[in-house]
Amino acid sequence: RTELSLALLATAYLTDQIPTVDAPQVALAGRSNVGKSTLVNCLAGRKGLAKISATPGKTRSLNFYMAQAAGYCLVDLPGYGYARCSMAEREKWAKLIDSYLKKTSRLRAVTALVDCRLPPQRLDVELVDWLRARRMPVLVVLTKADKCKQRDREARKKEWRELARPAFPPILFSGKTGLGREALCRVLAEAALS
Ligand code: GDP
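What counts and what doesn't
- Residues numbered from 1 in each chain as written.
- Predicted model: local features only at pLDDT ≥ 70, side-chain atom pairs only at ≥ 80, totals over all residues.
- Heavy atoms only, no water.
- Helix = DSSP H or I, 4+ residues; strand = E, 2+ residues; numbered from the N terminus.
- Rg over C-alpha atoms; globule rule 2.2 N^0.38 Å.
- Buried < 20%, exposed > 50% of the residue type's maximum accessible area, 1.4 Å probe, protein only.
- Contact = heavy atoms within 4.5 Å.
- Areas by Shrake-Rupley, 256 points an atom, 1.4 Å probe, with all protein chains shown as cover.
- Polar contact = N/O pair within 3.5 Å; in protein donor to acceptor, adjacent residues only side chain to side chain.
- Near = heavy atom within 4 Å.
- Nonpolar A, V, L, I, M, F, W, Y, C, P; charged D, E, K, R; others polar.
- Core = buried A, V, L, I, M, F, W, Y, C linked by side-chain atoms within 4.5 Å.
- Pairing = 2+ DSSP bridges.
- Axes fitted to C-alpha atoms, helices over the stretch in contact; angles between N-to-C directions.
- pLDDT = per-residue confidence, 0-100.

1. What to know about the overall build of the protein chain
When helices and strands are counted, the protein chain shows 5 helices and 7 strands. For the protein chain, the α and β elements follow one another from N to C terminus as β-β-α-β-β-α-β-α-β-α-β-α. For 194 residues, the compact-globule formula gives about 16 Å, and the C-alpha radius of gyration of the protein chain, at 15 Å, lands near that figure. For the protein chain, the C-alpha atoms occupy an extent of roughly 45 × 40 × 35 Å along the three principal directions. The burial tally for the protein chain puts 48% of its 194 residues in the buried class. Counted over contacts in the protein chain with a minimum sequence separation of 6, partners at least 24 positions apart contribute 75%. In the structure as shown, the protein chain presents an accessible area of about 10,100 Å², 52% of it carried by carbon and sulfur atoms.

2. Remarks on the side chain of Asp 76
Note on placement: Asp 76 falls in strand β4 (residues 72–76). Look at Asp 76 and you get buried, because its relative accessible area is 2%. At 2.3 Å, the side chain of Asp 76 forms a polar contact with the side chain of Lys 36. Non-local contacts of Asp 76, meaning those with residues more than four positions away in its chain, are made with Leu 28, Lys 36, Ser 61, Leu 62, Asn 63 and Tyr 65.

3. Considerations on the environment of Cys 185
Mapped onto the fold, Cys 185 is located in helix α5 (residues 181–193). The exposure class of Cys 185 is buried, given its relative accessible area of 11%. For Cys 185 and Glu 3, which are 182 residues apart along the polypeptide, the C-alpha to C-alpha distance reads 8.7 Å.

4. Topic: the site of the ligand
The immediate surroundings of the ligand are formed by 15 residues, with Asn 33, Lys 36, Ser 37, Thr 38 and Asp 146 found nearest. Between Val 34 and the ligand, the recorded distance is 3.2 Å, taken from a backbone N or O atom to an oxygen atom. In this structure, a nitrogen atom belonging to the ligand sits 2.6 Å away from a side-chain N or O atom of Asp 146. In the complex, 81% of the free accessible area of the ligand, which totals 580 Å², lies under the protein chains. Residues that form the shell around the ligand fall into these classes: 2 nonpolar, 8 polar and 5 charged.

5. Thoughts on the nonpolar core
Ranked by size, the top nonpolar core spans 34 residues in total, and within it Ile 18, Leu 62, Phe 64, Val 75, Leu 77, Tyr 100 and Trp 160 carry the most contacts. Sequence-distant contacts of Tyr 100, that is, excluding residues within four places in its chain, are made with Ile 18, Gln 25, Leu 62, Phe 64, Val 75, Leu 77 and Leu 107. Counting 29 residues, the second-largest nonpolar core is a separate cluster that includes Ala 44, Val 141, Phe 173 and Leu 188.

6. Observations concerning helix α1 (residues 36–44)
α1 sits mainly inside the fold: 8 of its 9 residues count as buried. All of the buried residues along α1 are Lys 36, Ser 37, Leu 39, Val 40, Asn 41, Cys 42, Leu 43 and Ala 44. Gly 45 lies just past α1 and shows a positive phi near 70°.

7. Looking at the sheet that holds β4
Taken together, 7 strands build an open sheet; the order of strands is β1-β3-β4-β2-β5-β6-β7 and the sheet is mixed. Of all strands in the sheet, those with a lone pairing partner are β1 (6–12) and β7 (171–172), marking the two edges. As paired elements, strand β5 (residues 107–115) and strand β6 (residues 138–143) share 6 bridges and run parallel to each other. By the bridge assignment for β6, Thr 111 is matched with Leu 139. Packing of α1 onto the sheet brings it into contact with β1, β2 (25–30), β3 (62–67), β4, β5 and β6, and relative to β2 it is tilted by some 140°. Along the sheet face, α5 touches β2, β4, β5, β6 and β7 and points at about 110° away from the line of β4.

8. Overview of the confidence of the model for the protein chain
When the pLDDT values of the protein chain are averaged, the result is 89; 92% of them are 70 or greater. Of all secondary-structure elements in the protein chain, the lowest mean pLDDT belongs to helix α2 (residues 87–103), at 80, while β7 reaches the highest, 98.

Put into structure tokens, the structure is as follows:
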């Protein structure tokens, strides 16, 4: 078991708080409640690194985690598409993410986290299309796989392979059981350092 030693480098709530990071970066994107914080904690082997929200839509910042030994930076983007938040709030998020994407030249790939239990959702498909249009390599991670039947898991993998034509094959992941953890660590490093 190889823990990624992740150290929180910076947290940005506002555009001018976005740090300049020299290391190559891989971003994590996904709808609120998809399991992004759980995934970060699972990768780090630490429970309290990223806050797990019982209330969806709470994580509003960009969080920069340095994977020290691996030599790249994991950038946790604020969750999108939470239905109960206001338009103004959503625009603020979009602006923050946009500023980050404009500022960084060392972003090597974006990991799209999608819920394994659901067929591809419009917002997730839009994100992947948007990234592909910008020639940004996409890595699809199917979260909460422990809650998903084997048949559905395979169906999801196939759907996302066809939809996203991702740079890497979709990874089934569970923060609860650790499924896919090793594979994800490998692929993140490969994506960041290639
Ligand atoms: P975030 O909003 O994307 O950061 O999502 P969180 O990591 O806060 O998780 C949202 C909810 O889903 C929490 O109640 C988690 O316990 C649960 N969850 C996250 N990942 C998994 C998983 O792999 N398996 C199961 N069964 N539950 C999960």
